[in-house]
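Now for the letters of each chain:
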Amino acid sequence: MKKSIIAFPALALTAVFLTGCASMPTVSETPLDRNPITSKMEAQDVRRTVEKMAESLISAPGVKEMTGGKRPVLDIEPLQNRTMQHIDMVSVTDSLRMQLLRSGLFRFVDKSTAGTDIEFMDAQANLGLTDSKKAVRAGQQSAAQMYLTGALTEIKNTVGRTTDQYYKFSMILKDLRTGELVWADEQEIRKQSVKSRF
Amino acid sequence: MKIGIQGLFSAALALSLVALTGCVDTAGTTVNVDHVDGVSEVLEDSVRLRRQMGVEVNSLNYDTVNGMKRVHITLANKKHKRIKLHYRISWFNENGMEVDPDTKPYRSLIIEGKDKVTVTGVANSLQAVRSKLRVRAAKEAM
């Protein structure tokens, strides 16, 4: 009798544990700007950085003056990742370019797709499928007047169970003709995580 | 019979509590600014959140930079302790439609006790003529 009293709860507990292991993980949609869950670079940090940089560049006083009030033609060089984490920096720069383009204040050329441009032009000129009068010839593309570039750096310190992580996104806009820096800004992010005792 | 009604009432109360626990109140302070007419309004959507956060809109200004509308809103912490907030400044066109909502995320903000912080937002399009600041408690953002 006594044995069965002990065995039953034990069996029930085991069943609960096993069910927990076998069950599917709970998946739910969360807001894009959620609270941090790690001290690493997270999606909301990237979103906030891109927004801050876009706002800063849009309101920069010198950019329009440098191009005589016209919409400047920019190119963007992917940011350097100087952290220990894997972060897709091309995606970050893509987001920034998208926001700047949507603002209507800037024009962009894309050096990274120049190879594809040549393939298209070559096909239009040589395959015989395109009307030769309408075929796009090389040598007519806009030239980038300025380019955007930057870096992401980190400082990490661990003391006991506490990890302090500091990130800095820094960006510059450089005038190709004069070599001057037209704009520069940075975004700092600091996070702390404390490991559980157990 | 009396016990039956009480039981029913208790069950209803328990159900309501369960339902309420699942919902999170994120309706904080809202500041609407019309950059054309200059009309602004501050709305306190939730008394509970206002008391909890202890943040007040101190002043607001707006101007234009490179043809884009810009707004500066000063938030004051009425409490002695540090508060953590999230804020978002969204922009609307003449028809009241939000312009590129995905490009305006919530930003985090820390205001020290009895301190003031000015937050600035720049429109993401030349079509934006109205702005709206929304403030929510940081812990509600899960």
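We now turn to the structure provided with this report. (Residues numbered from 1 in each chain as written. Chains lettered and ligands numbered in written order. Predicted model: local features only at pLDDT ≥ 70, side-chain atom pairs only at ≥ 80, totals over all residues. Heavy atoms only, no water.)

**With respect to the overall build of chain A**
- A count of helical and extended segments in chain A gives five helices and six strands.
- Secondary structure elements of chain A occur, N-terminal to C-terminal, as α-α-α-β-β-α-β-α-β-β-β.
- The burial tally for chain A puts 34% of its 198 residues in the buried class.
- Nonlocal contacts in chain A, meaning residues at least 24 apart in sequence, comprise 66% of its contacts between residues at least 6 apart. (Helix = DSSP H or I, 4+ residues; strand = E, 2+ residues; numbered from the N terminus. Buried < 20%, exposed > 50% of the residue type's maximum accessible area, 1.4 Å probe, protein only. Contact = heavy atoms within 4.5 Å.)

**A look at the nonpolar core**
- Membership of the largest hydrophobic core comes to 32 residues, with the highest contact counts inside it found for Leu96, Leu100, Phe106, Leu148, Phe169 and Leu173 of chain A.
- Of all the secondary-structure elements, those providing two or more residues to this core are α2 (43–58), β1 (73–76), α4 (89–103), β4 (146–159), β5 (162–175) and β6 (181–194) of chain A.
- Per element, the largest residue contribution to this core is six residues, and it comes from α2 of chain A.
- Apart from the residues lying within four places of it in its own chain, the contact partners of Phe106 of chain A are Leu57, Ile58, Val63, Arg71, Pro72, Leu74, Leu100 and Leu101 of chain A.
- Within the second largest apolar cluster, 23 residues are counted, among which are Val55, Val99, Val117 and Ala137 of chain B. (Core = buried A, V, L, I, M, F, W, Y, C linked by side-chain atoms within 4.5 Å.)

**Considerations on the pairing of strand β4 (residues 68–77) of chain B**
Residue and element names in this part refer to chain B.
- For β4, a buried count of eight out of 10 residues is recorded, marking the element as mostly surrounded by other parts of the structure.
- Strand direction decides the pairing type here: strand β3 (residues 55–65) and β4, joined by 10 bridges, are antiparallel. Within β4, the residue paired with Ser59 across the bridge is Thr74.
- Following β3, the chain reverses through two residues before pairing antiparallel with β4; Asn66 in that reversal takes a positive phi of roughly 50°.
- Where β4 meets strand β7 (residues 116–122), seven bridges bridge the pair, whose relative direction is antiparallel. Counted as the bridge partner of His72 is Thr120 from β7. (Pairing = 2+ DSSP bridges.)

**So, the packing of α2 of chain A against α4 of chain A**
Residue and element names in this part refer to chain A.
- Interhelical geometry of α2 versus α4 gives an angle of 40° and a closest axis separation of 9 Å. As far as their axial angle goes, α4 and α2 are oblique. For the crossing formed where α2 meets α4, the hand is right-handed. From α2, Val46, Val50, Glu51, Met53, Ala54, Leu57 and Ile58 reach across to α4, where they touch Val92, Ser95, Leu96, Gln99, Leu100 and Ser103.
- Of the residues assigned to the contact of α2 with α4, the class counts are nine nonpolar, three polar and one charged. (Axes fitted to C-alpha atoms, helices over the stretch in contact; angles between N-to-C directions. Parallel < 35°, antiparallel > 145°, perpendicular 65-115°, else oblique. Left-handed = near helix turned anticlockwise from the far one by under 90°. Nonpolar A, V, L, I, M, F, W, Y, C, P; charged D, E, K, R; others polar.)

On their own, these measurements won't tell you what the molecule is for.
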